[in-house]
Amino acid sequence: MTGLLHAFRRIAGLCALLVAAGVGIGATSEAWAQVQMRPGATAFVTGDIIHRIKPETVKDLFPDKDVVLKSTEGRNPALEVHVGGVLKGYIFSTMDVVNATGYAGKPFDFFGGLTLDGKLTGVVLQNHSETIIGRGVPQQRMDEFLAGFAAVTIQRWGTVNPDLLAGASISGRAMKAGMQNAATRVFTTHIVGEAEVVVTEPALDRKGFALYTAQELIERGSIIGMTLTVRDAIKLFETKGGVGAWPDISPQQMERLDELFIQFNTALLSPPSIGQNMFGDERYREIVAREAANGLSIWMADKGYSSFVSNSHLRSSTGNVFDQVRIEQGGTSFLVTAPQSARILVRAAFAGDLLPSRESMVFAIPPTLGLDPLKPYKVVLIQPGFTKAGAPMTIEIPLTYDLPDMHKLLPVPVFVPAYIDIWQNELVNIGILAALLVAVTLVFLLQDVLVKNRMAYNVVRVGILGFTLVWLGWTVGAQFSIINILTYMTAPFTGTGLETFLLDPLFFILGIYIAITLFLLGRGVFCGWLCPFGALQELSNKAAILLRVPQIKIPPSLQERLWAVKYVLAIAIIGIGFYSVDMANALEEVEPFKTAINVYFIRELPYVLYAVALLAAGLFIERFYCRFLCPLGGALSVFGRIRMFKWLKRKPQCGTQCRICETDCPVGAIEPSGQINMNECLQCLDCQVDYYDDEKCPPLIARKKRKDQRTEAGIGIGVPSPMPAE
Ligand code: SF4
Ligand code: SF4
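Computed from a prediction, not measured in an experiment: that's the story for all the values here. (Residues numbered from 1 in each chain as written. Chains lettered and ligands numbered in written order. Predicted model: local features only at pLDDT ≥ 70, side-chain atom pairs only at ≥ 80, totals over all residues.)

**Examining the overall build of the protein**
Counting its secondary structure elements, the protein contains 31 helices and 17 strands. Within the protein, the proportion of its 726 residues that are buried is 42%. (Helix = DSSP H or I, 4+ residues; strand = E, 2+ residues; numbered from the N terminus. Buried ≥ 20, exposed ≤ 12 C-beta atoms within 10 Å, placed from the backbone.)

See below:
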């Protein structure tokens, strides 16, 4: 009795210590939760966007000086951003435009800046309630995730990767979806204008005009070019023609190795945002007038010792072609000719010395040539020279021109719910999860066959647990938590809709599977086979047993009291969660899942010590955490009481004449009476292997013995003695 009391005190103390450590860690980690918020913005500020936005947020999104913000009217509220009296773009928040909510079911104030050509200038998460993000997601990952938004255009969101937020990827996906939806709406309403006729196919923008400097057009790829010194040119000739090959320039020029061999630039002029900026209104009108309907104008210019212009275009015998340049697209070559060309200079005020003007030709490309301005094409410079032996040779220098999106009319993207994309991208993982769930289902459907072969059962059990731990847990991070249960339960009150749950296909599918199996068989299907942390405990305990680590058996009466701890924790977390998600999130740290599964123990020391302590306890007391502390297990156990079936077989002798199964049950779920306590049972099927083992189960051993005796005596062969089952 004294020993029992002693054991009770030690185990209860251990439980209390571990729970306190977990909750304590959760409480201290509240500070973490605010990492992405603006300083001092721990509470939601409500009201119009103009009153909520902070000066530093504006600066992050539009760093220009003298920014003036003006509220817009009507739908999809946003702020116009004016710089020097010119409209530069818009600032908006997902909260105003789409009221996007996170996984916590609360909206986040997520600001984005949008330029007039549909580029996101960046995002600022000014306020949110996603405390799940604050824990376990390193700041560097969060920064990387947010930085992905700065490379986004309204059509392309591929640079935003929510999977960077391991353990909080649903929150990341909700943020991406909210920002994508809001940006699309602001673009449609305020930039495209809903009344305007919009294109359904991409087209060249021959009407839209925006002021750009030469520098801006070069930086954005509207004007491209290359520069070669004499040294560079000699190197290219020698690469192709061998040492001693040289370009067709004078001996004096050959000696000036650092002088300009050629600077060549080219641009497609047809969009006014390029052509009109470069040549001014009048010359641009002339250029367009030379174009055939739907034709194009391409500008090429150079300076230096060499040129793209020879005298070939003056020779009618060779078709007046410019033989030192050609255009290529998709395997087709286009030669430009003198009749297509006109010598027109770029406005000096526009380019200064930035662009060459010695030769400045504009070529009118007829539509019959079939050059598609929306697809990349190459401008290939052909430069003449000589081999060392003096034989003529040429080198070719290709430049790829890819018209930037800002000069195209692109269909306004129809907003497609983000989960559709996510499900398409996750098809492989969905398939693997489906295979795992099929495997677990088959274990139960065929359990009577499987458990008759101990070796096969052990292989299947360890195989599935290993896969659950390594793939489901460590690889894809699909570790269920009490917070998932809380989110489902509070969804009707927080407005968290189906779309939010669909943002993570693996959790969604797993959630449905858990709900179905809870209803059919109870919590054991999940806890026994699909919980990565449960698998980690069981596999580490199996290893401990192999290493002869002594196992502590807990007396039933003591065990019953300790079981209560997990139910208390479950009730506390769920109850508090209805009142405060933040507090529930803090309490949730009693679960070591994030540390041990989602972030692979790479976390602050107290969290790691806590998780390691639980695993260490599990080496001596199998599934220590599951049995006494796990609030998720407790909650599932409560919901699992509605189970319809009990497929675990018992014999009348169980508990009365034999207690082998009771001793073998890893979680002490078999009562001294022989009955199985299904609230605690993990459906591991160990007792079912014993049930069919005619070398271990005494009633079966006795029956076998009787059968052997009859066989020896030659009587009653083939007539089994009755073996009633429960
Ligand atoms: S009791 Fe908790 S840790 Fe154990 S298997 Fe169930 S959910 Fe996982
Ligand atoms: S041994 Fe039997 S009673 Fe114990 S957990 Fe496994 S299936 Fe349940």
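So much for the structure itself; the text now carries on.
**A few points about the site of ligand 1**
Around ligand 1 lies a shell formed by C527, C531, F533, G534, Y625, C626, C630, L632 and G633. Listing elements by their share of the shell around ligand 1, those giving two or more residues are α22 (532-546), α27 (624-628) and α28 (631-639). Its residues assigned to classes, the shell around ligand 1 comprises seven nonpolar, two polar and no charged. (Near = placed C-beta within 6 Å. Nonpolar A, V, L, I, M, F, W, Y, C, P; charged D, E, K, R; others polar.)

**What about the site of ligand 2?**
Around ligand 2 sit 13 residues, and of these C665, C681, C684, D686 and C687 come closest. Looking at the shell around ligand 2, its residues break down into 11 nonpolar, one polar and one charged.

**Brief notes about the sheet that holds strand β7 (residues 223-229)**
The strand order β7-β9-β10-β14-β13 describes an open sheet built from five strands, whose pairing is antiparallel. Looking at which strands have only one partner, the edges of the open sheet turn out to be β7 and β13 (341-343). Strand after strand, the sheet turns through a mean of 20 degrees between neighbouring axes, direction not considered. Judged from the seven bridges that link them, β7 and strand β9 (residues 260-268) form a sheet pairing that is antiparallel. Bridging from a neighbouring strand, L228 pairs with I262 of β9. Against the sheet, helix α10 (residues 230-241) touches β7 and β9, its axis set at about 85 degrees to β7. (Pairing = 2+ DSSP bridges. Axes fitted to C-alpha atoms, helices over the stretch in contact; angles between N-to-C directions. Contact = placed C-beta atoms within 7 Å.)

**A closer look at helix α23 (residues 556-579)**
In a regular helix each residue adds 1.5 Å, so 24 residues correspond to 34 Å; α23 covers 36 Å between its end C-alpha atoms and thus fits that length. Listed as buried for α23 are Q559, L562, W563, V565, K566, L569, A570, I573, I574 and G577. (Expected span 1.5 Å × (residues − 1).)

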